[in-house]
Amino acid sequence: MRFLTVLAFCLLSAPVAAQGLWPSVTYDASVPTLKAVLGHEHGEAISTPDQVGRYLEALAKAAPDRTRLVRYATSWEGRPLHYLMIGSAARIARLDEVKRGLQTLASGAPEADRLVSELPVVVLLIHGVHGNEISSSDAALAEAYHLLAARNHPDADITLRDALVIIDPMQNPDGRQRFVTSNLVGGAIEPDPNPQSAEHDEPWPGGRVNHYLFDMNRDYFAISQRETQGRVKTMLDWFPQVVVDLHEMGGNSTYYFAPPADPFNPLITDAQRRGFDLFGRANAAEFDKRGFPYFVREVYDAFYPGYGDSWPMFQGAVAMTYEQASARGLAFRREDGTLLTYKMGVTQHFTAAVTTAVTAARNRERLLRDFLEYRRGAIALGQKGTREYLIPPGKDPARAQRLAKLLAMQGVSVKQAEEAFTSGTQPMPRGTFIVPLAQPGGRLARNLLDPDVKMDEAFLKEQDRRRKARLNDQIYDVTAWSLPLMFDVDVIASDRVTAVRMRDVRADEPAPAPATQAPAAGTLGYLMPWGSGAAATAAAVLRDGIRMITTDEAFKHSGRQFTIGTAFIRFAGNPEGTAGKLQQIAARHGAELVPITETWTEEGISLGSGRTAALKPPRVLLAWDTPASSLSAGWARYTLEQRFGVRVTAMRTSTLQNFDMKDYDVLVLPSGTYSFSDDALRRLKDWIRNGGTLITLAEATRWAARDRVGLLATDPLYRDGTPQKDAAEAAGGGTGGTGGASGGGAGAKPDLSKPFDFDKAIQPEREQPENLAGSMLRVTLYPYHWLTAGLDGDVQVIAEGTRVFAPLKLDAGVNVGVYAPVEKLVAGGHVWKEALPLLASRSYLMHEPLGRGHVIGFAEDPNYRAYAEATQLLFINAVLLGGGH
């Protein structure tokens, strides 16, 4: 029996083969393999979200002394998000102490110097933020297995000794499940490598996005999604010094790792750039050894601070994106005839991730020191020039509060003055938020609060050359994102440190109770000045059956001026208990309630005037499915349901064509080019005439224009300012006509007595407007229209693409928002100077009455990435206030 026991132990602990993960490595048999737990080897099948979680649990159970499995969030569809921490048994035993040390290191405190020699370097490997970029999640399982099971391997040993590796295997379980289901439904009897086969061809919206159809790789400073909120908290808990975000790209490519492409954000430090080179060279050496092709310094830039790699960079990490050519299934036939397999993708992602962790461990002290100097450097940078940003409560305190809490949520220190004070010669009210820049998170604060972050001039010069040659630019994402401008909140840069009694702002604190008084005897009701908080309050109380009106003009009551859109909730005619319920809801959303004991107004309209609108709970339809942009549809749904609490019915466009909308008040068409039949279009127009509100966003507004379907009396414009009259021509790129240019076109007789103008001859006769790469433009609002309630004279909008619309004629409707004149047009980001004259004074927001209803068209998407607070208010005004008019 003793012999059999010893024999069994020896068999169980015998090393197993490398399974193709890392050359010449054997693995401890006591750590369960993927095949033992899930029934397939690494890369042989696409692991489902449930299987990913099951294997992590098996690893944690097998090596409890070297792991810690943490559930850090739950997706919108209820799926768990985990990370697995891996380190030496000594590190894991002292994990709480390590965490405290990392927090001290991140603070830049004097005692942090001692910690550089003691702490592990923290490496965070995050996988699969886009659910259909599938190989990284299976690579994550291989990474965890390798680190835990590799026997007597120096690279694995040093990684466990000197690093703390955090593996987040699946950032987007909802999207991954959507992809896996689509792939299984379309799957053939054996993997079909044809890229057009059903198993590769995802139906709308695809697996890239999460439940609300957000690209979560752009959500890091908006922090709108549950999944992102959990990841941000994780990063602020552990402050990793190295972050890798593993993605996939087109199947005809190879592999990308750092250094990134130009342009670089100017707040990235030289030490971080050296870190890119350190990891790039290490990966290159390993890829060369294994015969894997790769590229660097192309396509993927480091400019926008809202990526999964860039956001932690402004916390001090060396953070990088890795991109693997995607098989989008188990096999993919490339254009050159070669076959890309899923296993190849898993192997290459695994190789890059493990190489990065090993390289970090071998450079532990350097990376910790660079991180500490980054944090201290941010403090030093904030001690010269602009010292603070001051955010007064302004006309909409709820928006200012929301901005302050958003900053605090990402680790930026924010204070709030508990008394009035003076900054220089400028008086500042009590409640002003103060963002000191001499703090470890100061570079992130600058990135988010500065009105503009400049791109490198040499990079822009090259893009100008490409533009003039009609080549695609190399600008990867947006060029502007200033949160104060997007929130339409005033921010004052101060060159001095405020000395005033103040408190810390916490990310999780409730909205402060506004200056709302309990109703005294004889109170008739409440006035509620309109704004973001008031809109959310209105949506909630209308759903609870409380009646209210809003005013279409300004008025003065008891010596106070109230602006257009102010709501009046009269107790008479409302249910008993209205006052208490209203106070509770308004406090939750930061809306102000002003009790009144009489309705007499000293100036302006009366509260019983016909120039008011009785609101009702909006019944909203949202077009869903192709041809709607999935991002636009998701942003709209999130804004309605989560931001403002408005219930919405998402309906597939094929059903919408034949649906009787009589039970709905509002139809939202996300960006897209729709194909309504003649009969469906007739019924849509009849529905609007009978009181419906149609809201079109971005490309849907182009579709609604005069020469498309005739819902809006506007025309999209060509680059030369002429109307695009032919829909087919516009869709084809606007290069119609004879195809020849003046002096060189077919049928034109050239004047040979004059020098031939080559540059003029090659210019297309008709072109779409200059493409805007996520620029921030200033829009002037018409302040007498109810759509502008809660906003001042102008707002800033994100503009992308080539949409420019002619303004409505006076007899057709109202141009509620128009782009500012040339000299004031650009609020942030980059716009080619040649594009400015065409954009200036053209329409951004149009309102055209039709019978008893409305067509409201936005030239751009007002719900952009869920951080466009000011234009989101314009959108919800259209939803909430349209039915009352």
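Details of the structure are given in the entry above.
Here goes a summary of the coordinates provided. Note that this is a predicted model, so its numbers are computed, not measured. (Residues numbered from 1 in each chain as written. Predicted model: local features only at pLDDT ≥ 70, side-chain atom pairs only at ≥ 80, totals over all residues. Heavy atoms only, no water.)

With that settled, the discussion passes to the overall build of the protein chain. Counting secondary structure elements, the protein chain contains 29 helices and 36 strands. Since a compact globule built from 885 residues should have a radius of gyration of about 29 Å, the 29 Å found for the protein chain is in line with a globular shape. When the backbone C-alpha atoms are referred to their principal axes, the protein chain occupies close to 100 × 80 × 55 Å. The burial tally for the protein chain puts 59% of its 885 residues in the buried class. (Helix = DSSP H or I, 4+ residues; strand = E, 2+ residues; numbered from the N terminus. Rg over C-alpha atoms; globule rule 2.2 N^0.38 Å. Buried < 20%, exposed > 50% of the residue type's maximum accessible area, 1.4 Å probe, protein only.)

Now for the sheet that holds strand 1 (residues 67-74). Strands in a sheet are paired, the pairing made by backbone hydrogen bonds, and the direction either parallel or antiparallel. With mixed pairing, seven strands are arranged side by side in an open sheet as 1-2-4-3-5-9-6. Each edge of the sheet is formed by a strand with only one pairing partner; in this case those strands are strand 1 and strand 6 (255-256). Sheet analysis places strand 2 (residues 80-86) next to strand 4 (residues 163-168), joined by three bridges and oriented antiparallel. Residue pairing for strand 4: Ile86 is matched across the bridge by Val165. In the packing of helix 7 (residues 135-149) onto the sheet, contacts are made with strand 1, strand 2, strand 3 (121-127), strand 4, strand 5 (242-249) and strand 9 (318-325), and the angle to strand 3 comes to roughly 145 degrees. Sitting on the sheet, helix 10 (residues 226-238) touches strand 1, strand 2, strand 3 and strand 4, and the angle it makes with strand 1 is about 140 degrees. (Pairing = 2+ DSSP bridges. Contact = heavy atoms within 4.5 Å. Axes fitted to C-alpha atoms, helices over the stretch in contact; angles between N-to-C directions.)

Below, the discussion takes up the packing of aromatic side chains. Applying the stated rule across the entire model yields 39 aromatic pairs. Aromatic pair Tyr256 and Tyr300: ring centres 4.9 Å apart, planes at 45 degrees, arrangement tilted. Of this pair, Tyr256 sits in strand 6 while Tyr300 sits in the loop between helix 11 (270-290) and strand 8 (301-302); the two residues are 44 residues apart in sequence, bridging distant segments of the chain. As far as the burial class goes, Tyr256 and Tyr300 line up, both buried. Each ring, one from Phe676 and one from Trp703, has its centre 5.4 Å from the other, and the planes form 45 degrees; the classification is tilted. Separated by 27 residues along the polypeptide, Phe676 in the loop between strand 29 (666-669) and helix 23 (678-689) and Trp703 in helix 24 (residues 699-704) bring together distant segments of the chain. (Phe/Tyr/Trp six-rings, centres within 6.5 Å; stacked < 30°, edge-to-face > 60°.)

Time to look at the packing of helix 14 (residues 364-381) against helix 16 (residues 442-449). Each pair of packed helices can be described by the angle between their axes along with the distance between the axes. Two elements in contact, helix 14 and helix 16, have axes whose closest approach is 8 Å; the angle formed by their N-to-C orientations is 60 degrees. One element, helix 14, and the other, helix 16, form an angle in the oblique class. Across the interface between the two elements, Tyr374, Gly377, Ala378 and Leu381 from helix 14 touch Gly442, Arg443 and Arg446 from helix 16. Classifying every residue of the contact of helix 14 with helix 16 by side-chain character gives three nonpolar, two polar and two charged. (Parallel < 35°, antiparallel > 145°, perpendicular 65-115°, else oblique. Nonpolar A, V, L, I, M, F, W, Y, C, P; charged D, E, K, R; others polar.)

Looking now at the pairing of strand 31 (residues 772-781). The side chains of a regular strand alternate between the sheet's two faces. Buried residues dominate strand 31, accounting for eight of its 10 residues. By the bridge criterion, seven bridges tie strand 31 to strand 32 (residues 794-801) in an arrangement that is antiparallel. Across the sheet, residue Arg778 finds its bridge partner in strand 32, namely Gln796. One ladder, built from three bridges, connects strand 31 with strand 33 (residues 814-819); its direction is antiparallel.

Take helix 13 (residues 342-362) next. The first and last C-alpha atoms of helix 13 sit 30 Å apart over 21 residues, in line with the 30 Å expected at 1.5 Å per residue. With respect to burial, helix 13 is a largely interior element, 18 of its 21 residues being buried. (Expected span 1.5 Å × (residues − 1).)

Here we take up the side chain of Glu323. Looking at the secondary structure, you find Glu323 in strand 9. Salt bridges are absent for the buried Glu323, whose nearest opposite-charge side chain, Arg208, sits at 7.5 Å. (Lys, Arg positive; Asp, Glu negative; His and termini not counted. Salt bridge = Lys/Arg side-chain N within 4 Å of Asp/Glu carboxyl O.)

Moving on, we get to the pairing of strand 7 (residues 261-264). Relative to strand 8, strand 7 is paired through two bridges, and the arrangement is parallel. Looking at the pairing, Ala261 lines up with Asp301 of strand 8.

Of note, Thr566 is situated in the loop between strand 22 (560-562) and strand 23 (567-570). For Thr566, a relative accessible area of 0% gives the class buried.

Take the nonpolar core next. Membership of the largest hydrophobic core comes to 158 residues, with the highest contact counts inside it found for Phe279, Met320, Tyr322, Leu407, Val435 and Tyr867. Residues contacting Met320, with those up to four places away along its chain left out, are Val242, Val243, Val244, Asp245, Ala258, Phe276, Phe279, Asp309 and Thr356. Ranked by size, the runner-up nonpolar core spans 104 residues in total, among them Ala636, Leu667, Leu694 and Leu772. (Core = buried A, V, L, I, M, F, W, Y, C linked by side-chain atoms within 4.5 Å.)

Further remarks concern the packing of helix 5 (residues 95-107) against helix 10. Put simply, helix 5 and helix 10 touch, their axes get as near as 7 Å, and they point 90 degrees apart. The angle between helix 5 and helix 10 falls in the class roughly perpendicular. Contact with helix 5, carried on its side by Leu95, Lys99, Leu102 and Gln103, involves Leu236, Asp237 and Trp238 of helix 10 and no other residues of that element. Partitioned by chemical class, the residues of the contact of helix 5 with helix 10 number four nonpolar, one polar and two charged.

Structural measurements only, silent on function.
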